[in-house]
Amino acid sequence: MKKILATTILLALLAGGLQAQDIRVLVPYLGAATNQYENATYGIDWDDTKLMEGLFFQWVNPDLFQANAFIYHAADINYSQLWGGHLIADFYVWSNSLGKAAVGAGVEVISLGTHAGDVLAPPVNDFNMPLTVFVPYARAGHYFYLGSRNRVLLSIFPWAGAEYDITRGHVSLYINPPGIFVDDSIAEETLYGIAGLSVGATLFHFIELQAKYKATFNAEDLLHTVDALANVFFTRHWGLSYRFKYMQTTDGSTSYHLAGIAFVF
């Protein structure tokens, strides 16, 4: 998390010297996150909503690349400290009459430090399960554009790629009776195919709408992620932003609603 936060700040600082055509957006967010977690082994079925803070930065050169970083935090959600973040870069490698082709890579990190104490049903006591999930991925796709930049511009971006989920952590608990202490490490790695579709609209330069869908799949699982974004700019330099995400996992889901002030420079 510290590396992603440092990268977010560094990108914002470096962006100050870019050319006029470049677009940089910095958004501090505040809202609510909901985490659902199920674990039949330990009799867990939790659902909790808490305050969430986030910081987003995007740097776009319309002819060359887009890069964005996002970090977020929710305290004491399902007896856990939730930290999350991503770092993504797409490079535009080929332009044609329909739009442009893009290749990109990124990493998402989710840290969930669960310290539930004695909230589980007896005989389970002192339950702790800190986990960190690293998700590097690569993708390629093509942007298709319809409409006019001066009025309504639509973009459609189908893409496909692969990701490698790496989970590290441990679980500890005390079972009494019969008085047994359990302390096991968690080390899992899974390769997934990924495919998605992003649809965006820019209306008269000052309203931006975006919807995204991502499927994560292999022979055993099919997981869904949905994103939505709405920006309304009142001047060339600031506006209001709303962001939503729902991310399904193999043991539950995480979603959030965030609002913030977008600064453009």
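Conventions used here
- Residues numbered from 1 in each chain as written.
- Predicted model: local features only at pLDDT ≥ 70, side-chain atom pairs only at ≥ 80, totals over all residues.
- Heavy atoms only, no water.
- Helix = DSSP H or I, 4+ residues; strand = E, 2+ residues; numbered from the N terminus.
- Buried < 20%, exposed > 50% of the residue type's maximum accessible area, 1.4 Å probe, protein only.
- Contact = heavy atoms within 4.5 Å.
- Salt bridge = Lys/Arg side-chain N within 4 Å of Asp/Glu carboxyl O.
- Phe/Tyr/Trp six-rings, centres within 6.5 Å; stacked < 30°, edge-to-face > 60°.
- Lys NZ or Arg CZ within 6 Å of the ring centre and 35° of its normal.
- 1 Å grid on protein atoms, 1.4 Å probe; cavity = no way out; pocket = protein on both sides within 12 Å on 5 of 7 lines; lining within 4 Å.
- Points joined across faces, edges and corners; volume = space filled by probe spheres on them.

S.K.: Residues and numbers for the overall build of the chain, please.
M.R.: Helix and strand counts for the chain come out as one helix and 12 strands. Overall, the chain shows an N-to-C arrangement of helices and strands of α-β-β-β-β-β-β-β-β-β-β-β-β. With the principal axes as the frame, the chain shows a C-alpha extent of 70 × 40 × 30 Å. Burial analysis of the chain (265 residues in total) assigns 42% to the buried set. Put simply, of all contacts in the chain between residues at least 6 apart along the chain, 54% involve residues at least 24 apart.

S.K.: If you had to explain unusual backbone geometry to someone new, which residues and values would you point to?
M.R.: The omega torsion of the bond from Pro-122 to Pro-123 falls at 15°, within 30 degrees of zero and hence cis. Pro-178 follows Pro-177 through a cis peptide bond whose omega is 10°. With respect to the element layout, Pro-178 can be found in the loop between β7 (152-175) and β8 (180-203). Positive phi outside glycine occurs at Phe-204, with the angle close to 55°. Mapped onto the elements, Phe-204 comes out in the loop between β8 and β9 (207-217). You can call Phe-204 partly exposed: its relative accessible area is 43%.

S.K.: Kindly report on the environment of Gly-161, identifying the contributing residues and their values.
M.R.: Looking at where Gly-161 falls in the secondary structure, it is placed in strand β7. On the basis of relative accessibility, which here comes to 28%, the residue Gly-161 falls in the partly exposed class. Each C-alpha atom, one on Gly-161 and one on Ala-140, is 6.3 Å from the other, the two residues being 21 residues apart in sequence. Apart from the residues within four sequence positions on either side, Gly-161 is in contact with Ala-138, Arg-139, Gly-193 and Ile-194.

S.K.: Explain the environment of Trp-238 to me, and be specific about the residues and the numbers.
M.R.: Here Trp-238 shows up in strand β11 (residues 238-249). Overall, Trp-238 belongs to the partly exposed group, its relative accessible area being 37%. Considered as a pair, Trp-238 and Ala-262 are 24 residues apart in the sequence and their alpha carbons are 5.4 Å apart. Setting aside residues up to four positions removed in sequence, Trp-238 forms contacts with Phe-233, Ile-261 and Ala-262.

S.K.: Explain the pattern of salt bridges residue by residue, including any values.
M.R.: Throughout the structure, instances matching the rule amount to five salt bridges. Residue Asp-48 pairs with Lys-50 through a salt bridge whose shortest N-O separation is 3.0 Å. Arg-139 is the salt-bridge partner of Asp-90, the closest N and O atoms lying 2.5 Å from each other. Taken together, the residues span a long stretch of sequence, with Asp-90 in strand β4 (residues 80-96) and Arg-139 in strand β6 (residues 124-147) at a distance of 49 residues. Side by side, Asp-90 and Arg-139 carry an identical accessibility label, which is buried.

S.K.: An account of the packing of aromatic side chains is needed here, citing residue identities and associated values.
M.R.: Overall, the coordinates contain 15 aromatic pairs when judged by the stated rule. For the pair Trp-59 and Phe-65, a centre-to-centre distance of 5.6 Å together with 70° between the ring planes defines the contact as edge-to-face. Summarising the burial analysis for this pair, Trp-59 and Phe-65 share the class buried. Here the aromatic residues Tyr-29, Phe-56, Phe-70, Tyr-72 and Tyr-256 are joined through ring pairs into a cluster of three or more. Looking at Arg-139, its charged tip hangs above the ring of Trp-159, at a distance of 5.1 Å from the centre.

S.K.: So what's going on with empty space enclosed by the protein? Residues and values would help.
M.R.: This model, assessed by the stated rule, comprises two cavities of 30 Å³ or more. In this structure, the largest cavity spans a volume of roughly 40 Å³. The wall of the largest cavity is formed by Asn-35, Tyr-37, Trp-46, Asn-78, Ser-80, Leu-112, Thr-114, Met-129 and Leu-131. Elements represented by at least two residues in the lining of the largest cavity include exactly β1 (23-39), β5 (99-117) and β6. In this model, the second largest cavity occupies a volume close to 40 Å³. Along its surface, the second largest cavity is lined by Tyr-72, Glu-108, Lys-245, Met-247, Thr-254, Ser-255 and Tyr-256.

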